[in-house]
Amino acid sequence: MLTVYNSRTRKKEVFKPRKGKRVQMFVCGITPYNSAHIGNLKTYLNYDVIARYLRLRRYTVFYLQNVTDIDDKIVNAARAADVVWSEIPARYFSEFQAVCEKLHVIGISKYAYATDFIPEIIAQVKRLIDKGYAYEKNGSVYFEVKKFKDYGKLSGQNLAKLHKSVRLEKDENKKHPYDFVLWKAREGTNEKYEPAWDSPWGKGRPGWHIEDTAISEKFFGPQYDLHGGAGELKFPHHEAEIAQQESASGKKPFVKYWVHTGVLTLGKTKMSKSLGNVISGKEMVETHDPDAFRFLVTSTQYRSPLPYSEKLFTQAASNLEKIRDFTRRLKAIKQKSGKAFAVAPYEKKFFAAMDDDFNTPSGLAAIFTLIRAANPLIERKTLSAKSAKAMISFIKDVERVIGVPLINTLSTQIPQGITALAKERDLLRKQGKWAEADAVRARILEQGYTLKDTKEGFEIIPAGK
Ligand SMILES: [Zn+2]
């Protein structure tokens, strides 16, 4: 039974989508005004694993992600670079997609660009005004927070006590500082940097929060199953979404399961532009093995913080290599005889861990336990090919979920010449002719193979693995 931690109720709940096996899932997408950093990527890798697991569990998942392709940050970036505003999201979103591709992020069913949904946004703002939840002032429209009594419930904020340090947009038009903008009147006159759309309130553009609910309502209706995002988006962004959609439709709850991810830090410090310690996703995949980065992220439970360091990266890379080394050895097993090995208990452990709020580290632990149990049998050559095959089929399931290639795809066929050389070297070693043995080893290495000495003799390994 799959359980999910729901931020709305603050407890783990049995996962029961509203429409049986069909899951409607929305995750806050990026604002492509600069390069996405590895903290952003952690979030998208986490939801990619969740979507992959739900699909493995035979749910049909529609995974929707918005792209905030118009925003103050985009207008500012366009002005700074002196380019047409739309060039900014075009440039950084394609960079983001290229990085995601290297990281095997494949789960998203639809990317919805905010600017493609202006009519839906305007219609939702209009409904909020008509129902008395929003007001217009000088061409801008605001949501009146005091009209929605549940505001602050998700993040556990009490508006009366809310600390003044919370950053709020300064705006003379607002009745109350907590009110937030739904439609923003055009400020400048330069359409190159700041686009504007016609609306019943004059020319302007959407606020940040409203695009999510206009888009999710268009695809899913006023209520749906799962909404994800980084934990830091709970307030004010997700509170605003709840206020908008529940006020517009009168239906509660807007979202059944709110799922939030833990933050990626650099050691103990938060990654931030002002601290100058940001690692972009592009930089990461260009300088590090993308598979190892993904493996590192999946080695942590999605809700936990991830204190990134080079040391943790190296550890993850080496753990990943252990699994790949194991599958390579499994694939080489040909003997029909041997001990029967029950893989089922390890599979069970993996699925139980994933069913427990997508606990990937505990799921991966099942593989490492399997490796420890099976390795001695491989060394003694007492593992049958049938058992090896069962193990590979289990690891294939894990691979589908965590999204990191684990099965060594290199051919395990070792050329006869190499095997002959290896046998020759083995003989030389047994005769104590170390220098000659080393010379043969060097010849093997030149042809792209390394030798690993085992208790029973040797093993030939294609280089690079
Ligand atoms: Zn959002």
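Residues numbered from 1 in each chain as written. Predicted model: local features only at pLDDT ≥ 70, side-chain atom pairs only at ≥ 80, totals over all residues. Heavy atoms only, no water.

Draft legend 1. Here's a closer look at a positive patch on the surface. Taken together, the side chains of Arg-18, Lys-19, Arg-22 and Lys-251 present a region of like positive charge at the surface. Counting through the fold element by element, Arg-22 comes out in strand E3 (residues 22-27). (Patch = residues over 30% accessible without salt bridge, like charges linked within 9 Å, V, L, I, M, F, W, Y side chains within 5 Å. Areas by Shrake-Rupley, 256 points an atom, 1.4 Å probe, with all protein chains shown as cover. Salt bridge = Lys/Arg side-chain N within 4 Å of Asp/Glu carboxyl O. Lys, Arg positive; Asp, Glu negative; His and termini not counted. Charge placed at Lys NZ, Arg CZ, Asp CG, Glu CD. Helix = DSSP H or I, 4+ residues; strand = E, 2+ residues; numbered from the N terminus.)

Draft legend 2. Main features of the domain arrangement of the protein. Per the domain assignment, the segments of the protein are domain 1 (3-261), domain 2 (281-402) and domain 3 (416-462). Taking only C-alpha atoms into account, the centre of domain 1 sits 60 Å from that of domain 3. (Domains from an automatic or database assignment.)

Draft legend 3. Layout of empty space enclosed by the protein. In total, this model carries one cavity of 30 Å³ or more according to the counting rule given. The computed volume of the largest cavity comes to approximately 70 Å³. Every residue along the wall of the largest cavity is listed here: Leu-45, Asn-46, Val-49, Ile-50, Val-297, Thr-298, Thr-300, Tyr-302, Phe-358 and Thr-360. If you list the elements that add at least two residues to the lining of the largest cavity, you get helix H1 (38-56) and helix H8 (290-298). Partitioned by chemical class, the residues of the lining of the largest cavity number six nonpolar, four polar and no charged. Per-domain counts for the lining of the largest cavity show at least three residues from each of domain 1 (3-261) and domain 2 (281-402). (1 Å grid on protein atoms, 1.4 Å probe; cavity = no way out; pocket = protein on both sides within 12 Å on 5 of 7 lines; lining within 4 Å. Points joined across faces, edges and corners; volume = space filled by probe spheres on them. Nonpolar A, V, L, I, M, F, W, Y, C, P; charged D, E, K, R; others polar.)

Draft legend 4. The arrangement of the nonpolar core in detail. With 83 residues, the main nonpolar core has Met-25, Phe-293, Tyr-308 and Leu-330 as its most contacted residues. With 11 residues, the single largest contributor to this core is H1. When residues are assigned to domains, this core turns out to be shared by domain 1 (3-261) and domain 2 (281-402), each giving three or more. Residues in contact with Tyr-308, not counting those within four places in the same chain, are Ile-38, Leu-264, Thr-265, Leu-266, Gly-267, Ile-279, Met-284, His-288, Phe-293, Leu-296 and Phe-313. Grouped together as the second largest cluster of nonpolar side chains are 37 residues, Phe-117, Trp-201, Phe-235 and Ala-248 included. (Core = buried A, V, L, I, M, F, W, Y, C linked by side-chain atoms within 4.5 Å. Buried < 20%, exposed > 50% of the residue type's maximum accessible area, 1.4 Å probe, protein only. Contact = heavy atoms within 4.5 Å.)

Draft legend 5. The arrangement of the sheet that holds E3 in detail. An order of E5-E4-E3-E10-E11 is seen for the five strands of this open sheet, with the pairing classed as parallel. A single partner strand is all that each edge strand has here, and the edge strands are strand E5 (110-113) and strand E11 (255-261). Each neighbouring strand pair of the sheet contributes to a mean axis angle of 25°, computed without reference to strand direction. Of the pairings in the sheet, the one linking strand E10 (residues 224-230) to E11 comprises six bridges and is parallel in character. The partner of His-227 across the bridge, within E11, is Trp-258. On the sheet, helix H5 (residues 208-220) packs against E3, strand E4 (60-67), E5 and E10 and is oriented at approximately 150° with respect to E4. (Pairing = 2+ DSSP bridges. Axes fitted to C-alpha atoms, helices over the stretch in contact; angles between N-to-C directions.)

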